Each structure stands twice: as C-alpha cells, then as structure tokens.
Amino acid sequence: MKSKIFLAFAVVFMVACQSEKQPQKIDRKAVVTRNNVQVQGFDSLATLSVGNGEFAFTTDLTGLQTFYKEYENGVTLGTQSNWGWHTNPNTEGYDRSETLKYWEVDGRQVPYRHQLKDDPRANAACNYFRENPHRLHLGMIGLVLTDSEGNQATLDDIENATHELDMWTGKITSHFQFDGEPVSVEVYCHQEKDEIAAHIESPLIAKGQLAVNWKFSAGAAKSFHQGYDYDSPEKHQSVLSKVSDNEVLIDRTLDNDHYQVAIDWKGDADVVKTAQHQYELQPKDGSSLEFVCLFAPEIGDEKTADFEATKLNNQEAWESFWQSGGTVDFSACTDPRAKEIERRTILSQYLIKVQSSGSLPPAETGLTYNSWYGKYHLEMHWWHIAHFANWQRPEYMLKQLDYYNELYKNARQTAIDQGYKGVRWQKMLGPDNENSPSSVGSYLIWQQPHIIWFAEQIYQADPTAETLDKYKDLIFATAEFMADFPRWNDEKQQYDLAPPLIPAQEHWPREATYNPPFELAYWYWGLTKAQEWKERLGAEKDSTWEDVRLKLAAPDQANGVYLGMEGATESYSEMELMEDHPVVLGAYGILPDWDKLDPEVMRKTMHTIAERWDWPSTWGWDYPMSAMAAVRLGEPDLALEFLLKDVQKNTYLKNGHNYQSPRLRIYLPGNGGFLTTVAMMCAGWEGCETENPGFPKDGKWNVKWENITPVF
C-alpha cells in the first residue's frame, strides 16, 4: 500500500517538475482583449480603423465617418486601398528626363532624378512626377442625423459617445445619444473583399431622423493630406444605377482613373441622390438598418457579403491571426512599464495587419491618409515588414516581395542609366514603379540590401530549393549593384561608399559623404548573404563580390567613438550634426556583429548618443533601433530607456498609432520597428544564449512568450 502511495506521489512530483520546466501556456485571447481600445467622447487623434491590408476604413466617434471635417487635424477618416490612385493629366507634356541632375563619377556623367528648382519648367516637371500618381480617398460614409425640428446634427449634439475596437474580432462599435435617443453602430471590414459592413440600431430610424450618406471627392495632389478634395466637383463624375431593389452601383471617374462602389442593404429603404457626388441610404421604417459597401476597380461578377457573413468572416480570420504566430504576455511583470510595452505590442500587430499587410509596400501613414502623396518608400520597407518573420507570420511578407519582381525592370534600367551592373532599388514610388524626383531620396542607398534580408528571412522559415530558386535572381542582381557601386581607393587599398550619396542620417551632404557606418555594415552583411546563397545553390562564390566584401572600408572613429561618416570628427560636438536618425547604432543594433566593428567602441558611441543627441529631432523607428543596439551590447536597462523614451515622436496614441508631429500624426515604421525590437528582447538573435536578453534580471520582468524567432 505504501509503495503504491509513493509511486503515485512520485508520478505527481515528476509531472509537476515537468510542468515547471515547460513554457506556461499563454491565454492569447486575454492578452489581446485586455488591450482593446475604448474612447470616450471626441478625440481627433483617437480614430479607429478596420481593414484587411489591401483596404482600410477609419471611423469617428459615431462608428462611421460622420464628422470628417472635425478630424482633419487629427488621425483623419480615410477610405483607402492599394489599388485606388489618381493621376492628374500631363497637359504640359512633361518628360522624366527633365528631372535629371548629373554627377561626375569615375569620369562619367551619372543621372539622378532630382528636385530641380532653378529652371521653372524643370521645377514644374519635378513637382508633377512627385505628385502623381497620388493615393485616392474612395468615399466618405457617414450618418445623417436630424433632430425633431429638422436640424442636422453637429459634433456637439452627440452625447455620451463610446467608441470601441475589439481586436479579437475586428469589430468597431459606437454607442451614443442624439436628440434624446440611443444609437448603436457596429462595423466590420471583410478580410477578403474591400467591403465595409455596418449594422445600426436606433429609434431614430423609424422617426425618419437617421440615414447614411456617401460623399465622393476629387483627388488631392498634396503631400501630407487627407486625400480628398470636395471643392472641385467638376473634376470627377459619379453615376448611380440601380441593380435591384436593394442594391445600387456607383460608377466613379476621375480623368483616366475609374472605380466602382456597390451598396447593398436589408429592409425597406432607398438610395437617392441628394447633391452632386452625394447619395443617401434612407430607411422607411424599423429600428435597425444594415448595409454593406464594396469598393473595387471593377465590381464585375463579384458579390457582396452581407453583414452576418462579414461578421463571421472577421471572427474567424482575426481569431486565426491572433492564435497563429508569436505572442508575448507581460501580465506577470511587476515593472510598471511592462503594461505599456504590451499595449504597444498588441496594438502595433493589429494596425500593421490592417494597414500594411497587403500586396504593395506600405506608405508611412498606411491606408489612413496621405504622406508623401500616399507613395511608398522602399528604405522604410524593412521597418514595415521585417518583424513578420520574427513573429512567425512570413506569409504576410510574401505578397510584398513579389512587388520586387514587378519593379525589377525599372530598377534594372536605373542601374543601366547610371552605368552600374545589376539592379538599383529606388526610394519613393507609386503603382507606376517610377522613382519620384528628390534631392534626398534619389541618393539613398540603404534600401538596396533589404530584399536580401527579406529573402533570407523567408529561407529561414522555409529552407527549400523552391525558396532559393524563387529569390536567387533578385538577390544576385541586387548584389551585382552592391559590388559595382563602391569605388576603389588605391591609397587606402579599400572600397569606399562614395558620393553622391545620402545616408540614413539624411543631413549629411550628398556630394561629400563617404563611408557612413550603417551602410558599410549593411553592404557587408548583404554581400555575405548573397555569397551564402551561391553556396546553397551549389555555385562558386563570386570573386568580385568577395573582393569588395572583404575590402570594404571600416567605419571611421575618433576619440573612441564611431563617426557619422568618414572624417566627421565633430559628429558629437556640433549640435546640428546630432539631429535626425542616430543610425550609427543600427550598424550594431539592426545588424549582427562584423569584425570591422568593435563592440566597446560601439558601446561608448551608444552612451555618447544617449547623453548628447537631439532626441526631439528623431523619428519613430529611432527608439527601437537604439534599443536593439543596447540589447546586443548587453544593456537591457538602457534598451528600455530607449524604447520608452519620453519624447513627442515616441508617443503611442490611444489607438496605438505612433504620433510624430502635426504634419505626420501616425507613423507605421515606428510600430513595425517596435515589434522587431520586442522580438529581439524576447528571443534574442542568432547565437544569443541569454534568456529574454532585452529585459533586466531584477525579478520584475517575468515575460512569457511563444513562437517568436531570433533576429539575425
């Protein structure tokens, strides 16, 4: 009897010991839902969005887009897609050759698309090609609320408003009172269609005091803008046609651009034209109203999904998203900062899934409003999507990597025009795949190795011959340019990254910048990986690539710190040189160890930057980048200080967006960089043996995570 009791006790003891050694199971739903967003009343910076990566719809406190004017200086009410663009007619016949500025390199004239300002026509041509195409606001959908005396509601008339986002189900709800009656609105975005579905309940419907309004605009060729122009009705056309008793189609034409809008509803109601480019869905009775609105270049045979189907689609898709891939739980941490890190982590995953997981590289402001005309910046692509692989969601990268095949022809032509081998990936692009003229962007080079990084991440997730075959041509053409671009310095017996170029810290002059540290380290890493791909494919290493890789200049240093560029000995004494991105830290934060970088010199550089840098001039991705350097250098306390630095551009709004300035109210590279950094803080990097290396070992950081992979 005693032996049986002992045996049972031993089994229980062993199970208990094993359970202690196993990672604790994370309640993923609890982690997500405790970070859901609730906004009380009006807050112009606290709009909430639904979307599917290709399309997003941003709502105000009514759950739709009723008071868009009042939000124009906040996080604006966008309805944008990856396919919705507008191009103004080129009535003056501008040619891209009119935007070129030539620089002498090794005795040849090398053209760059530059923002020319000296010649009026050239300046106009540059402006035209920067402004076009520009991303289009597809249509404003708002409530029409009328009080018992026939007066239309103002924002001040909305009482007791609660605006909520449920990230687990992709649902936005709004509850408020108007004219003494309650109104409830529930909104979803279909995850496979560019469609909004809404369910509205209110006694105001039966009273004839509630309708839904669609308002369409001309395009707006403005750099930082909501994307709509309601002051130019003559510049576009809207044509309504009835498909059935409960469905209408609106044809939209803006110059040579066209798209369609299908509106379907349940119940006794009609869509009527109320003004030029404006239509109302007017219910005739009842206490509820349901509608769906589908946007597409051509509706064709595509069918709308009704509200219940769209609701179910979201519940299934969002639960699948949150239950797959990586997650992190800070609930057992006692450091008061942990809760905010978790909030930013969860909201950033939601926002990037909604705004940045489609088939094109995202704009900095995603699908909410236009920054830089809604175009995408390839040097920012890393910050938008690199984290997907570390959180074991590489499938969201794959569609965007296909874009590099689409861009290949133009990138190859850029290299040919400039006299280089391979392909040169450019900076500021739209769906025409043409680089926009810029006195800064055309000279950046740090986007060049990104495709190698992405392809290597995909290979690590799927190390197959098919992966190697799919990306080898992109990698090798990229490396061809990287080996051809540096110039041989016979005096120093090294390859230089030489003018004209502008590094990631963009204030350095294009005509005098040599060997910026981050670009050197990234060049080395990219060429190293390209050679590894050669070996994986059974090919010999490229001797030219190897010569350049091994003979790249070492980052310059003075007084025990790395300089912003070669010879810039005042890098940390002249205040104007300590502005913008402290990207020297990226050479040992974003990137792994390089034998030409001394960790102790980088440590002193990091502390110098921490103490002296003009932090208000930095950008949202600088804080995670700096934190990554601190993690690699074994200083988790400083990593947390960087990551949560109390400075305006490191503000994360109630909706999770990274606020920068009145011009740039949201900034998705900050969100993406935050996710990559949290992955490193948890899972470390290749070869790291420290558990949770980004968190202090003071007993306050019991961080639980699963399915996160190390960074490189």
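Residues numbered from 1 in each chain as written. Predicted model: local features only at pLDDT ≥ 70, side-chain atom pairs only at ≥ 80, totals over all residues. Heavy atoms only, no water.

A. Structural view of the packing of helix 13 (residues 622-632) against helix 14 (residues 636-643). Between helix 13 and helix 14, the least distance of the axes is 8 Å, while the angle of their chain directions is 180°. As far as their axial angle goes, helix 14 and helix 13 are roughly antiparallel. Residues Tyr623, Pro624, Ser626, Ala627, Ala630 and Val631 of helix 13 pack against Pro636, Leu638, Ala639, Phe642 and Leu643 of helix 14. The class makeup of the residues in the contact of helix 13 with helix 14 is ten nonpolar, one polar and no charged. (Axes fitted to C-alpha atoms, helices over the stretch in contact; angles between N-to-C directions. Helix = DSSP H or I, 4+ residues; strand = E, 2+ residues; numbered from the N terminus. Parallel < 35°, antiparallel > 145°, perpendicular 65-115°, else oblique. Contact = heavy atoms within 4.5 Å. Nonpolar A, V, L, I, M, F, W, Y, C, P; charged D, E, K, R; others polar.)

B. Structural view of the side chain of Ser202. With respect to the helices, strands and loops of the structure, Ser202 is situated in the loop between strand 13 (195-201) and strand 14 (210-215). Polar contacts involving the side chain of Ser202 include one to the main-chain amide nitrogen of Leu204, which spans 3.1 Å. Sequence-distant contacts of Ser202, that is, excluding residues within four places in its chain, are made with Pro182, Val183, Leu210 and Ser287. (Polar contact = N/O pair within 3.5 Å; in protein donor to acceptor, adjacent residues only side chain to side chain.)

C. A look at the confidence of the model for the chain. Taken over all residues, the pLDDT of the chain has a mean of 95, while the share at 70 or more is 97%. Segment residues 1-22 is flagged for pLDDT under 50; beyond a separation of four residues in sequence, or across chains, it makes zero contacts in the model. (pLDDT = per-residue confidence, 0-100.)

D. Geometry of the sheet that holds strand 18 (residues 269-275). Sheet architecture is open: four strands sit in the order 9-14-19-18, paired in antiparallel fashion. Sheet topology places strand 9 (140-145) and strand 18 at the edges, where each strand pairs with a single neighbour. Averaged over all pairs of adjacent strands, the angle between strand axes in this sheet comes to 25°, irrespective of strand direction. (Pairing = 2+ DSSP bridges.)

E. Looking closely at the nonpolar core. Grouped together as the largest cluster of nonpolar side chains are 211 residues, with contacts concentrated most on Ile200, Phe291 and Trp453. If sequence neighbours within four positions are ignored, Ile200 has contacts with Leu64, Leu143, Val183, Ser184, Val185, Ile205, Leu210, Val212, Ser287, Ser288, Leu289 and Phe291. If you look at the next biggest cluster of nonpolar residues, it comprises five residues, including Leu249, Ala262, Leu294 and Ile299. (Core = buried A, V, L, I, M, F, W, Y, C linked by side-chain atoms within 4.5 Å. Buried < 20%, exposed > 50% of the residue type's maximum accessible area, 1.4 Å probe, protein only.)

F. Examining the pairing of strand 15 (residues 237-244) more closely. Bridge count for strand 15 against strand 16 (residues 247-254) is seven bridges, and the pairing is antiparallel. Looking at the pairing, Ser244 lines up with Glu247 of strand 16. Turn length for the strand 15-strand 16 hairpin, with the two strands adjacent in sequence and antiparallel, is two residues.

G. Quick peek at helix 10 (residues 517-536). Look at helix 10: 29 Å from first C-alpha to last across 20 residues, which is about the 28 Å you get at 1.5 Å a residue. The element helix 10 is extensively covered by neighbouring structure, given that 17 of its 20 residues are classed as buried. Gly538 sits one or two residues past helix 10 and shows a positive phi near 80°. (Expected span 1.5 Å × (residues − 1).)

H. Up close: the packing of aromatic side chains. Evaluation of the coordinates by the stated rule reveals 50 aromatic pairs. Their ring planes at 15° and their centres at 4.6 Å tell us that Tyr112 and Tyr443 sit as a pair that is stacked. Placement of Tyr112 in strand 7 (residues 108-113) and of Tyr443 in the loop between strand 23 (428-429) and helix 8 (450-461) is noted, with a sequence separation of 331 residues between them. Grouping residues by exposure puts Tyr112 and Tyr443 together as buried. Look at Trp619 and Tyr667: their rings are 5.6 Å apart centre to centre, the planes differ by 50°, and that puts the pair in the tilted class. Of this pair, Trp619 sits in the loop between helix 12 (599-612) and helix 13 while Tyr667 sits in the loop between strand 29 (658-659) and helix 15 (668-683), and the two are 48 residues apart along the sequence. Every member of this aromatic cluster is reached through a ring pair, and the members are Trp382, Trp383, Trp446, Trp453, Phe518, Tyr522, Trp525, Trp621 and Phe712. The ring of Trp615 is capped by Lys645, whose NZ or CZ atom sits 4.8 Å from the centre of that ring. One Lys or Arg, Lys649, reaches over the ring of Trp619 and ends 4.9 Å from the middle of that ring. (Phe/Tyr/Trp six-rings, centres within 6.5 Å; stacked < 30°, edge-to-face > 60°. Lys NZ or Arg CZ within 6 Å of the ring centre and 35° of its normal.)

I. Main features of the sheet that holds strand 3 (residues 55-59). Pairing is antiparallel in the open sheet, where three strands are placed in the order 2-3-4. Either end of the sheet is taken by a strand with one partner, and the two such strands are strand 2 (48-51) and strand 4 (79-81). Put simply, the sheet's adjacent strands are angled 20° from each other on average, direction ignored. When strand 2 meets strand 3, the two strands line up antiparallel, connected through four bridges. By the bridge assignment for strand 3, Ser49 is matched with Thr58.

J. Looking closely at the pairing of strand 14. With six of six residues buried, strand 14 lies mostly within the body of the structure. Burial along strand 14 is two-sided: the residues Leu210, Val212 and Trp214 and Ala211, Asn213 and Lys215 are all buried. With six bridges joining them, strand 9 and strand 14 adopt antiparallel strand pairing. The residue of strand 14 that forms the bridge with Gly142 is Asn213. As paired elements, strand 14 and strand 19 (residues 278-283) share four bridges and run antiparallel to each other. By the bridge assignment, Trp214 is partnered in strand 19 with Tyr279.

K. Representation of unusual backbone geometry in the model. In this structure, Pro133 follows Asn132 across a cis peptide bond, with omega equal to -10°. Locating Pro133 in the fold gives a position in the loop between helix 3 (120-131) and strand 8 (134-135). In this structure, Pro500 follows Pro499 across a cis peptide bond, with omega equal to 0°. Following the sequence through the fold, Pro500 ends up in the loop between strand 25 (494-496) and helix 10. Phi is positive for Asp106, close to 50°, though the residue is something other than glycine. As for its position among the elements, Asp106 is in the loop between strand 6 (100-105) and strand 7. Phi is positive for Asp179, close to 55°, though the residue is something other than glycine. For Asp179, the position within the fold is in the loop between strand 11 (171-178) and strand 12 (181-189). On the basis of relative accessibility, which here comes to 34%, the residue Asp179 falls in the partly exposed class.

L. Examining the side chain of Ser217 more closely. Of note, Ser217 is situated in the loop between strand 14 and strand 15. Polar side-chain contacts of Ser217 include one of 3.4 Å to the backbone nitrogen of Asp229. In contact with Ser217, other than residues within four places in its own chain, are His137, Gly227, Tyr228, Asp229, Tyr230, His236, Arg252 and Leu254.

M. Quick peek at the packing of helix 8 against helix 9 (residues 465-484). Where helix 8 meets helix 9, the closest approach of the two axes is 9 Å, and the angle between their N-to-C directions is 155°. One way to sum up the angle between helix 8 and helix 9 is to call them roughly antiparallel. Pair helix 8 / helix 9 crosses with left-handed handedness. On helix 9, the residues that touch Ile451, Ile452, Ala455, Ile458 and Tyr459 of helix 8 are Thr467, Leu468, Tyr471, Leu474, Ile475, Thr478 and Met482. Looking at the contact of helix 8 with helix 9, its residues break down into ten nonpolar, two polar and no charged. (Left-handed = near helix turned anticlockwise from the far one by under 90°.)

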